[in-house]
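# Analysis of the macromolecular model
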Amino acid sequence: MNAATPRPRENQGKPHARIDARLKVTGEARYAADIALSNLAHAALVTSDIARGEVKSIFLEKARAYPGVLDVISYGDIGDLRKPRFSNSSYTSLGPLHQHTICHDGQIMALVVAETPEAAEEAASRVSAEYLPQAPTADFGSAGTTEMDAAGKVALLDEDPCVGDFSKAFEGAAVRIEADYATPTQTHNPIELFSTTAAWNDGQLTIYEPTQSVYGFRAEIAHQLGMDATDVRVISPYVGGGFGSKGPSTPRSALVSLAARRLNRPVRCIVSRSQGFTTQPYRAATRHHIKLGATRDGRLRAYSHDAWELTSRNDNYAVGGTDTTARMYAYGTVATRVRLVKADRQTPAYMRSPPELPYMFALESALDELAYALNMDPVKLRLLNDTRKDPISGKRFSSRHLKECYLKGARAFGWKRRDPRPGSMRKGDWLVGLGCATAVYPTNVAVATARVRLEANGHVRVQSGSQEIGTGIRTVAAQMAAEQLGVDLADVSVEMGDSGLPPAPVSGGSNSTASVCSAVLKACEKIRARLRHAGSADGKVKHLAQLFEKLGVGVLEEYAEFIPDGAPADAVQKLYAGQTTMVSGSERKQAMFAFGAEFVEVRIHARTREIRVPRLLGVFAAGRIMNTRTARSQLLGGLIWGMSAALHEATEIDPRSARTVNRDLQDYLIPVNADVGDVEVLMLPEVDTAVNPAGVKGLGELGNVGTNAAIANAVFHATGTRVRALPIRLEDLL
Ligand code: MOS
């Protein structure tokens with residue numbers, strides 16, 4: 001940074017409303033499936049009724065004969081379509097129509113195309129199949145699962161972090177606890193349904209699809225269709241929630257493209273809520289075994305974390321292991337080990353805070369159990385074991401204000417009033433429980449590019465092939481350009497969500513604001529250098545006509561690449577080819593993480609055991625906050641989602657059939673407004689110039705980490721019952 005280090009308070013950006021807020025609330029914002037195309041045909045999916053077996057025969061005649069049906073694509077109709085590549089850009093390696101084998105419930109068996117969505121759906125419902133079923137394996141503990149050690153063999157899991165002699169330290173520890181924890185399968189269910197719209201023009205394919213990565217998606221679709229990526233354009237104008245589910249592509253998109261090519265007209269497929277449960281990724285179920293050992297006065301000496309993550313037979317998707325949990329506290333010794341457990345399920349994928357949410361639930365619950373074993377306040381236990389150094393690598397944290405978050409949070413929440421004895425606090429018929437837990441998220445940054453154009457009338461155009469997934473990235477990118485060039489926010493427009501723009505990383509891992517704003521900043525710095533050259537003292541926009549005249553230009557345009565330390569030399573090239581290079585907070589020169597402290601009040605009815613959550617409070621330190629309003633929205637949503645995951649959400653898998661039972665929003669429980677009490681978000685001002693030029697840590701995935709454990713800990717405080725498997729339902733407390 002050439003600028004002087006800002007003071008913490010100045011490091012919180014203005015709470016500007018989203019620049020696209022008006023478009024969104026008036027319905028003017030066109031999402032991918034809203035784009036009007038002439039002569040559009042509509043497709044519906046046919047999916048399997050079994051989770052494992054062979055399709056002996058599929059009966060398509062009734063669908064073909066249905067009025068308005070244009071085409072049916074099934075086995076034998078896919079020509080030389082290539083199988084998806086399991087990686088960042090496809091969540092599965094399974095080509096559903098490449099073989100008659102069914103590998104998971106609700107697997108695609110056919111695509112029916114018709115003049116209207118209604119006709120396509122009705123015709124699809126008339127397809128039937130004869131199977132040779134096999135007994136499927138659904139879940140942990142089912143007969144027939146296979147287990148493999150994950151570290152070093154799968155993406156996202158290079159290592160099982162370990163340090164020192166855990167066994168010896170644990171044996172020698174004065175106070176020890178040991179417990180098992182579990183988190184369930186969960187399904188993202190963004191409000192905007194999944195969809196693909198494919199249109200061909202002269203051998204060139206345009207796909208309109210809500211995706212968190214237009215470049216990654218383009219590369220994968222081009223691969224499956226055997227095309228040059230430059231002949232494919234992907235447009236993702238707005239994304240109505242993704243949370244990871246729209247990160248990688250799914251096999252549907254290539255099938256819809258194939259149908260559009262066969263018919264020589266555009267085809268749109270909007271996936272039903274129910275089919276979204278089985279044709280898209282989801283959060284894998286996890287199991288944990290934790291041991292903690294401490295001295296009598298509460299100093300941690302030993303932490304071990306054994307974990308099991310459920311995945312498909314086809315692909316070794318890993319939730320991501322203990323990379324973060326192993327770096328949380330001054331443990332002394334650490335031993336971790338992660339196994340993948342393979343079952344007859346579709347491949348899972350990222351879902352908001354993929355490893356941090358389940359792993360921190362286990363760790364932060366275990367710490368609460370240790371606090372009770374020590375007879376120590378749980379906030380005090382965490383502060384006592386705070387660390388300035390990553391216990392695994394010994395690297396210092398570039399900044400870490402966990403302690404400050406706890407102190408501020410405890411004050412604001414009224415933690416002092418908590419009587420630590422379980423079941424001791426009561427209000428009328430309701431047992432009152434107060435709990436806390438730590439939030440954390442690694443500061444991931446990715447290689448990103450951007451173009452900034454300063455026009456003669458003072459208007460600034462920012463271009464980046466990033467995606468607006470609802471976080472407000474357009475707004476914060478505009479704020480960065482406005483601030484750098486000294487123009488009003490109203491004079492900045494931002495183009496995103498198009499693979500025709502300069503490439504940007506996948507909108508995942510909470511990297512976008514840090515990465516894209518850093519690229520925008522660099523492009524603006526280039527423009528400012530040229531303005532200074534023309535006589536602008538501070539490089540900002542003033543007397544533009546004069547400056548442009550001196551420079552002899554009508555417009556100033558600069559392209560910039562942001563490459564974080566730790567990224568390989570070919571990372572920009574890879575980005576153009578659709579591969580995001582993300583450097584995580586544990587891979588940098590210093591350890592880089594955002595932190596938070598969360599406090600929860602639960603009320604549990606003394607007789608019915610109904611669980612209410614009147615208060616959620618989180619204090620977060622996440623570097624520079626580009627926009628306190630959009631940041632607050634992210635953190636607020638995170639806290640509420642954390643509560644949802646703790647008390648409501650679970651995708652129920654029938655152990656006999658390995659089929660999803662609750663595949664709609666009536667049966668897949670999520671909180672309604674009446675379930676959400678006071679939610680308070682406090683942002684602790686923090687300056688960290690080491691993380692990236694923008695000074696941003698990223699917080700999209702920070703808010704929901706820790707909430708699960710804070711609630712479980714509050715439930716224990718209220719009742720004395722420790723629930724170690726999510727979600728916590730009233731029947732667990734009877
Ligand atoms: Mo997120 S789960 O990195 O979209």
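None of the values given here were measured: they were computed from a predicted structure.

### Overview of the packing of aromatic side chains
All told, the structure shown has 16 aromatic pairs when counted by the stated rule. Judged by centre distance (5.7 Å) and plane angle (70 degrees), the ring pair of Phe 277 and Tyr 668 falls under edge-to-face. One end of the pair, Phe 277, is in helix 7 (residues 273-279); the other, Tyr 668, is in the loop between strand 27 (659-660) and strand 28 (678-683), with 391 residues separating them in the sequence. Ring centres 5.8 Å apart and planes at 70 degrees place the aromatic pair Phe 397 and Phe 595 in the edge-to-face group. In this pair, Phe 397 is assigned in the loop between helix 9 (378-384) and helix 10 (402-413) and Phe 595 in strand 24 (residues 593-605), connecting sequence segments 198 residues apart. Classification of Phe 397 by relative accessible area gives buried; the value is 8%. Through successive ring pairs, a cluster of aromatic residues spans Tyr 406, Phe 413, Trp 415 and Phe 599.

### Details of helix 3 (residues 117-125)
Every buried residue of helix 3 is accounted for by Ala 119, Ala 120, Ala 123 and Ala 124. The buried residues of helix 3 occupy one face: seen down the axis, they fall within an arc of 130 degrees. Across from the buried face of helix 3, at angles greater than 90 degrees, the exposed residues are Glu 118, Glu 121 and Ser 125. The inward-facing, buried residues of helix 3 abut strand 1 (41-47), helix 2 (61-65), strand 3 (69-73) and strand 5 (108-114).

### Overview of the sheet that holds strand 28
Pairing in this open sheet of five strands is mixed, and the strands run 16-17-24-25-28 from one edge to the other. Each edge of the open sheet is held by one strand with a lone partner, namely strand 16 (426-427) and strand 28. Inspection of the sheet shows strand 25 (residues 611-621) paired to strand 28 by six bridges, in the parallel sense. Bridge pairing in strand 28 places Val 619 opposite Leu 682. Set on the sheet, helix 10 makes contact with strand 17 (430-442), strand 24, strand 25 and strand 28; between it and strand 24 the angle comes to about 30 degrees. Contacts from helix 15 (residues 628-647) reach strand 24, strand 25 and strand 28 within the one sheet, and its direction differs from that of strand 28 by about 130 degrees.

### A word on the environment of Val 69
Tracing the chain through its elements places Val 69 in strand 3. Val 69 gets classed as buried once you look at its relative accessible area, which sits at 16%. Sequence-wise, Val 69 and His 42 are 27 residues apart; in three dimensions their C-alpha atoms are separated by 9.3 Å. Excluding residues within four positions of it along the chain, Val 69 makes contact with Ala 63, Arg 64, Val 112, Val 113, Ala 114 and Ala 123.

### Re the state of the cysteines
A complete count under the given rule lists zero disulfides for this structure. Left unpaired, Cys 517 is separated from the closest cysteine sulfur, that of Cys 524, by 9.9 Å.

### Let's talk about the sheet that holds strand 5
The seven strands are arranged 3-5-1-12-9-10-11 in an open sheet whose pairing can be described as mixed. Lying at the two open borders of the sheet, with one neighbouring strand each, are strand 3 and strand 11 (232-235). On average, adjacent strands in this sheet sit at an angle of 20 degrees to one another, irrespective of strand direction. Against the sheet, helix 5 (residues 214-225) touches strand 9 (195-201), strand 10 (204-208) and strand 11, its axis set at about 140 degrees to strand 11. Here helix 6 (residues 252-263) sits on the sheet and contacts strand 1, strand 3, strand 5, strand 9, strand 10 and strand 12 (267-270); the angle it forms with strand 9, its principal contact strand, is near 35 degrees.

### Describing the nonpolar core
With 86 residues, the main nonpolar core has Leu 370, Phe 599 and Ile 711 as its most contacted residues. If you tally residues by element for this core, the top one is helix 8 (residues 356-374), at nine residues. Apart from residues no more than four positions distant in its own chain, Ile 711 is found in contact with Val 600, Val 602, Val 613, Leu 616, Met 643, Ala 646 and Leu 647. In terms of nonpolar packing, the next biggest core, distinct from the first, is built from 54 residues, Ile 73, Ile 221, Leu 225 and Val 232 among them.

Rules behind the numbers
- Residues numbered from 1 in each chain as written.
- Predicted model: local features only at pLDDT ≥ 70, side-chain atom pairs only at ≥ 80, totals over all residues.
- Heavy atoms only, no water.
- Phe/Tyr/Trp six-rings, centres within 6.5 Å; stacked < 30°, edge-to-face > 60°.
- Helix = DSSP H or I, 4+ residues; strand = E, 2+ residues; numbered from the N terminus.
- Buried < 20%, exposed > 50% of the residue type's maximum accessible area, 1.4 Å probe, protein only.
- Arc of directions from axis to C-beta.
- Contact = heavy atoms within 4.5 Å.
- Pairing = 2+ DSSP bridges.
- Axes fitted to C-alpha atoms, helices over the stretch in contact; angles between N-to-C directions.
- Disulfide = S-S within 2.5 Å.
- Core = buried A, V, L, I, M, F, W, Y, C linked by side-chain atoms within 4.5 Å.

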